[in-house]
Amino acid sequence: MSRYFPLFVNLEGKKILVYGAGTIGSRRILSLLEFGCQLTVTAPRVSPKVAKLAEEGRLFWKDDVYHPGEIGEDVCLVLAAASDKEVNAQIAAECREKQIPVNVSSDKSLCDFYFPGLAVKDELVAGVTAGGGDHRRARRASEAVRELIEKL
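Fair warning: this is a prediction, and the values are worked out from it, not measured in the lab. For every chain, the first residue of its written sequence is number 1, and the numbers climb from 1 along that sequence. Reporting of local features is limited, given that this is a predicted model, to residues whose pLDDT is at least 70; pairs of side-chain atoms are given and counted only at 80 or more, and all residues count toward the totals for whole chains, interfaces and linings. The basis for every side-chain value is the complete set of heavy atoms in the structure, and neither hydrogens nor water enter the calculation.

Caption draft 1: The pairing of strand β2 (residues 38-42), seen in detail. Relative to β2, strand β1 (residues 15-19) runs parallel, the two being bridged by 5 bridges. Bridging from a neighbouring strand, K15 pairs with Q38 of β2. With respect to chirality, the unit in which β1 leads through helix α1 (residues 23-33) into the neighbouring parallel β2 is right-handed. Strand pairing follows a simple DSSP-based rule, namely that at least 2 bridges must link the two strands. Counting from the N terminus, the helices are the DSSP runs of H or I reaching at least four residues and the strands are the DSSP runs of E reaching at least two. Pairing geometry for β2 and strand β3 (residues 60-62), over 3 bridges, is parallel. Among the inter-strand pairings, T40 is bridged to a residue of β3, identified as F60. Seen with its strands pointing away from the viewer, a crossover is right-handed when the path leading from the first strand over the helix to the second is clockwise.

Caption draft 2: Summary view of a positive patch on the surface. Taken together, the side chains of R27, R136, R137, R139 and R140 make up a positively charged region of the molecular surface. Ranked by the residues each element gives to the positive patch, the list is headed by helix α4 (residues 135-150), at 4 residues. Among the secondary structure elements, R136 is positioned in helix α4. The residues that make up patches have over 30% relative accessible area and no salt bridge, and they are joined within 9 Å when like-charged or within 5 Å when they are Val, Leu, Ile, Met, Phe, Trp or Tyr. The Shrake-Rupley method, run with a 1.4 Å probe sphere, supplies the accessible areas, and residue values consider only the shown protein chains as cover. Any Lys or Arg side-chain nitrogen found within 4 Å of a carboxyl oxygen on Asp or Glu counts as a salt bridge. The convention is simple: Lys and Arg are positive, Asp and Glu are negative, and His and the chain ends are not counted. Lysine's charge is taken at NZ, arginine's at CZ, aspartate's at CG and glutamate's at CD.

Dropping the structure here:
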């Protein structure tokens, strides 16, 4: 398996689409909002936290499902976290066609990038991944890094 190069990207003001707002999607949405992006969440149902963020105007919630062809060329990143694996694969295919990096929560082989475990303190940001495989190991490492940077 290839290792992925860690790359830190300025997301301030960039358009990011997230399809799905269940457990995984909601966690990633909350993380992304820390980086100043323009976030649109497309999902028929969202977690209470995501609904509250939409009410506060911190993100746009589109109460709908994915429709082929709707991903704009001006989108920076897409996260496919819908509950339907086939829908996630369709999203990934559209992103590839438009050369937009995509993360697919249900199939790491369709990912252009992995969504890291994050440790953030002020301007210090660390990301941890276990190559899309051992999520528990990545979570433990992320927690250890969080503890470390809290001491700095």
